[in-house]
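The primary structure of each chain is shown beneath.
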Amino acid sequence: MIYIRILVVTLLCFAPPATALEKVTLQLKWKHQFQFAGYYVAQQLGYYREVGLEVELLEAAPETDVVQKVIAGAADYGVGSNNLVLAREGGHDVVVLAVILQHSPYLIIAAAGPEMGVVQDLVGRSLMLEPMADELVAYLQAEGISLDQVELEQHSYDAQTLISGEVAAMSAYSSDEPYFLDKQQFPYLIFSPLAAGIDFYGDNLFTTGDTLRRQPQRSARLREASLRGWRYAMDHPQQVVDLILEHYPTLKSRDQLLYEAEKMRKLMRPELIEVGYMLRGRWQHIANTYIELGMLPRDYRFDDGLLYDPQPDYRRYLYWGGGAALLLTLLTLSLFYVIRMNRQLDHMVHLKSYQANIGESVNYISHQWKQPLHELGIQLMLLETEAAKLPGEKQALQEATAESHRLLGFMEKTVETYRFFLDTRSQQEVFDPAAVIDEVLQLFGVSLRRQGIELEVVLEKGLRVEGSVVELSHLLLTLILNGRDLLLEREIAAPLLVISLQRSGSCVVITVTDNGGGIELQPVSAVFRRGVRAKSSPGAGLGLYVAKQLAERLQGTIRAENRGEGACFTLTLPLFSGVVPEARGGGWDLYGTSP
């Protein structure tokens, strides 16, 4: 026993000291509430500690200028607004590390009444406007209202001011004030910048360029731990609300925090967009809005230094160890050149092939998601526009919501199609191709007609083919949307898509024909080559190439030709001649739900 004690003491003496946590401060933009849930999770569940950080979360008061606090060094990091663009142009070296809200929660709430129906009715009335709500100023300007046409009041940050009639309208968060007004059964109207096409980010995690240069690894660790906290918060809102009530002083009830969580999910869209993701084009849109407001000069050029690149800069490793690595490589190649050259070349060939396949697969997913995302955006914009109006449009809202959910289901199945495309062991089934066409048109038929494209559909039902339902749906979707894009691009006066399905001997023949002027490529079959586009609009040239691959996976063929006033794509599939199995769930289960 004595020897064991001596050993333990010896080990403790020579053991390295535990690494102390590095203390940093994160300035929030308001008081404790679900708006900052991700940071609470990272703090309470130890995500910050796991990356060597002890993070102090600082509440804000109405007078707190978060950007100035971070610039002055009173906080290492902050949660800021979109005016970080202005700060950067003003000479302050701020850098956005991540975007939390993909859509800004700012809106204007007005007391409903006989003299208040549209946003222009705010002219001559009192309005409480928050200092950093620049998108609301842009929205008013877009609607023809300048700030000198309203009576600006200091914001009380209390919805009771609106209820009491002290002001006619107030700036608000979609995740906050509506809850209180609904509880009070107070009639109100909502005016959203989205109605004018103004779509800002919200709640941006940021720091200074100096902090980032001095502590690049610390900033990366804080960012990743914070985003990890946000992902947990979105997946476990009930537990996180309990955590907030237990550890953070808040004036909000559990029910109100859950309401806030639900509204924030709609602003973040974590099921569609990776938490923290930001796009340069969206920031350019924000900058352009500031230019229109006169808050940025007309000759302003976007500063890419505003946006943090989470990808590590491997060049610094070349500077640190480049000489030694180069020397070692040269010696190794010199000693083993003859023996290993063939093996090395073989490995490189396989590696390049693997990388090409991965790249092609990623492009395939991106291509297949692009159109559904576009359609989803249209539906959500319709939903948000209707929501900003007077009550009474329930049917339109319900239809838009239902269609959006169907699109989301389709996107989820894209991953399944991708796996089938790479896995030759994909499961086969027997199905009616007419049902597949019906499903695709249910998803996109409304959108096509809304864009002025007439549809003619002639389907012979009761036929059977064998293969993957999802693969056929994507193949058809590619043909239909390719025809749509061509019709819109060429501005055809009376655009028409004709879809037909019929039996021809022992085959099923599906045709998709348009009146868009035909395929200009020669030979026409070149449209199926990888990287070749049938239209001039941007794209990877993968759609029809993948369609051909999918046709072959279905043991069929596809050809293109110019016919009449446009192009015709003909898909020929072998007719199933065996015993038809009983359909599952009483119908063809294309999107995971019963028909």
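Remember, predicted model here, so these are calculated numbers, not experimental data. (Residues numbered from 1 in each chain as written. Predicted model: local features only at pLDDT ≥ 70, side-chain atom pairs only at ≥ 80, totals over all residues. Heavy atoms only, no water.)

*Asks:* Before we go on, may I ask you to explain the overall build of the protein in this structure?
*Replies:* For the protein, the count of helices and strands is 18 helices and 17 strands. Put simply, the protein has 595 residues, and 45% of those count as buried. A fraction of 78% describes how many contacts in the protein between residues 6 or more apart in sequence connect residues 24 or more apart. (Helix = DSSP H or I, 4+ residues; strand = E, 2+ residues; numbered from the N terminus. Buried < 20%, exposed > 50% of the residue type's maximum accessible area, 1.4 Å probe, protein only. Contact = heavy atoms within 4.5 Å.)

*Asks:* For this particular structure, what's the right way to read the environment of Arg503?
*Replies:* Inspection of the secondary structure assignment puts Arg503 in strand 14 (residues 496–504). Residues Arg503 and Thr572, spaced 69 residues apart in sequence, show a C-alpha to C-alpha distance of 9.6 Å. Setting aside residues no more than four positions away along its own chain, Arg503 makes contact with Glu460, Leu463 and Leu575. Of note is the side chain of Arg503, whose polar atom sits 2.9 Å from the backbone oxygen of Gly505. (Polar contact = N/O pair within 3.5 Å; in protein donor to acceptor, adjacent residues only side chain to side chain.)

*Asks:* I keep staring at the pairing of strand 14 and nothing clicks. Help me out?
*Replies:* Consecutive residues of a regular strand have side chains that alternate between opposite faces of the sheet. As judged from the six bridges shared by strand 12 (residues 454–459) and strand 14, these two strands associate in the parallel manner. Paired with Val458 across the two strands is Ser500, which belongs to strand 14. The sheet contact formed by strand 14 and strand 15 (residues 507–514) spans eight bridges and is antiparallel. Across the sheet, residue Gln502 finds its bridge partner in strand 15, namely Val509. (Pairing = 2+ DSSP bridges.)

*Asks:* I'm lost on unusual backbone geometry in this one. Help?
*Replies:* A negative phi angle characterises most non-glycine residues, just as the trans form characterises most peptide bonds. Cis geometry marks the peptide bond from Gln522 to Pro523; its omega dihedral reads -5°. Along the chain, Pro523 turns up in the loop between strand 15 and helix 18 (543–553). Despite not being glycine, Glu491 shows a phi value in the positive range, around 55°. The topology assignment puts Glu491 in the loop between helix 17 (469–489) and strand 14. Glu491 sits in the exposed class, given a relative accessible area of 68%.

*Asks:* Would you mind going over the sheet that holds strand 15 with me for this structure?
*Replies:* Whenever strands of a sheet pair, they do so through backbone hydrogen bonds, lying parallel or antiparallel. The strand order 12-14-15-17-16 describes an open sheet built from five strands, whose pairing is mixed. The two strands at the open ends of the sheet, each matched to only one other strand, are strand 12 and strand 16 (557–563). Ignoring strand direction, the axes of neighbouring strands in this sheet form an average angle of 15°. Along the sheet, helix 16 (residues 433–450) makes contact with strand 12, strand 14 and strand 15, crossing strand 12 at roughly 170°. (Axes fitted to C-alpha atoms, helices over the stretch in contact; angles between N-to-C directions.)

*Asks:* I keep staring at the confidence of the model for the protein and nothing clicks. Help me out?
*Replies:* Caution applies to low-pLDDT regions: their predicted coordinates should not be interpreted in detail. In this model, the protein carries an average pLDDT of 79, and 72% of its residues clear a pLDDT of 70 or more. For the stretch residues 313–364, pLDDT sits under 50, and the model shows 16 contacts to residues farther than four places along the chain or on other chains. With pLDDT under 50 throughout, residues 536–540 is counted as low confidence; its partners more than four residues away or in other chains account for seven contacts. (pLDDT = per-residue confidence, 0-100.)

*Asks:* Explain the packing of helix 2 (residues 37–44) against helix 11 (residues 237–247) to me, please; I cannot follow it from the model alone.
*Replies:* The angle between the axes and the distance between the axes are what describe a pair of packed helices. At a minimum axis distance of 10 Å, the contact between helix 2 and helix 11 shows a crossing angle of 75°. If you check the angle between helix 2 and helix 11, you find them roughly perpendicular. Each of Ala37, Tyr40, Val41 and Gln44 in helix 2 lies in contact with helix 11, whose residues at this interface are Val240, Leu243, Ile244 and His247. Classifying every residue of the contact of helix 2 with helix 11 by side-chain character gives six nonpolar, two polar and no charged. (Parallel < 35°, antiparallel > 145°, perpendicular 65-115°, else oblique. Nonpolar A, V, L, I, M, F, W, Y, C, P; charged D, E, K, R; others polar.)

*Asks:* It is not clear to me how helix 11 should be interpreted in this structure. Could you clarify?
*Replies:* Because the α-helix completes a turn every 3.6 residues, residues three or four places apart line up on one side. Val240, Val241, Leu243 and Ile244 are the residues of helix 11 that are buried. Down the axis of helix 11, the buried side of the element spans an arc of 160°, and every buried residue falls inside it. At its buried positions, helix 11 is contacted by helix 2, helix 10 (216–235) and helix 12 (254–268). (Arc of directions from axis to C-beta.)

*Asks:* Explain the packing of aromatic side chains here, please?
*Replies:* Think of a pair of aromatic rings as described by two things: how far the centres are apart, and how the planes are tilted against each other in angle. Considering all chains together, one arrives at eight aromatic pairs under this definition. Ring geometry for Trp30 against Tyr157: centres 5.0 Å apart, planes inclined by 35°, an arrangement best described as tilted. Residue Trp30 is located in the loop between strand 1 (22–27) and helix 2, and its partner Tyr157 is located in the loop between strand 7 (151–153) and helix 7 (160–163); the two are separated by 127 residues in the primary sequence. Taking relative accessible area as the criterion, Tyr157 reaches 27% and is therefore assigned partly exposed. Over the ring of Trp30 we find Lys31, and its NZ or CZ is 5.6 Å from the ring centre. Note that Arg228 overlies the ring of Tyr47, its terminal NZ or CZ placed 3.8 Å from the centroid. (Phe/Tyr/Trp six-rings, centres within 6.5 Å; stacked < 30°, edge-to-face > 60°. Lys NZ or Arg CZ within 6 Å of the ring centre and 35° of its normal.)

*Asks:* I keep staring at the sheet that holds strand 8 (residues 169–173) and nothing clicks. Help me out?
*Replies:* Here we have five strands laid out as an open sheet, ordered 7-6-8-5-9, and mixed in their pairing. Looking along the sheet, the strands with just one partner apiece sit at the ends: strand 7 and strand 9 (188–191). Averaged over all adjacent pairs, the angle separating strand axes in this sheet is 30°, with direction ignored. Summarising the sheet, strand 6 (residues 126–128) and strand 7 pair through three bridges and their orientation is parallel. Paired with Leu127 across the strands is Leu152, a residue of strand 7.

*Asks:* I'm lost on the environment of Tyr157 in this one. Help?
*Replies:* Between the C-alpha atom of Tyr157 and that of Met170, which follows or precedes it by 13 residues, the distance is 8.9 Å. Dropping the residues within four chain positions of it, Tyr157 is found in contact with Trp30, Pro62, Glu130 and Pro131.

*Asks:* I'm lost on the packing of helix 16 against helix 17 in this one. Help?
*Replies:* In contact at an axis separation of 10 Å, helix 16 and helix 17 are set at 40° when each is read in the N-to-C sense. Between helix 16 and helix 17, the crossing angle belongs to the class labelled oblique. Crossing angle aside, the handedness with which helix 16 passes helix 17 is right-handed. Counted together, Pro433, Val436, Ile437, Val440, Leu441, Phe444 and Leu448 of helix 16 and Val469, Leu472, Ser473, Leu476, Leu477, Ile480 and Arg484 of helix 17 form the full contact between these two elements. (Left-handed = near helix turned anticlockwise from the far one by under 90°.)

*Asks:* Help me understand the side chain of Thr211, please; the structure alone is not making it clear to me.
*Replies:* Within the secondary structure layout, Thr211 lies in helix 9 (residues 209–214). According to the relative accessible area criterion, Thr211 is buried, its value standing at 8%. A polar atom in the side chain of Thr211 sits 2.9 Å from the side chain of Thr208. Apart from residues no more than four positions distant in its own chain, Thr211 is found in contact with Asp76, Tyr77, Pro216, Arg218 and Ser219.

*Asks:* Looking at this structure, how should I read the pattern of salt bridges?
*Replies:* Should their charged atoms come close, side chains of opposite charge can pair. The full count for this structure, using the stated rule, is 27 salt bridges. Across the salt bridge formed by Arg254 and Asp242, the nearest N and O atoms sit 2.2 Å from each other. Highlighted residues: Arg254 in helix 12 and Asp242 in helix 11, separated in sequence by 12 residues. A relative accessible area of 31% places Arg254 in the partly exposed class. (Salt bridge = Lys/Arg side-chain N within 4 Å of Asp/Glu carboxyl O.)

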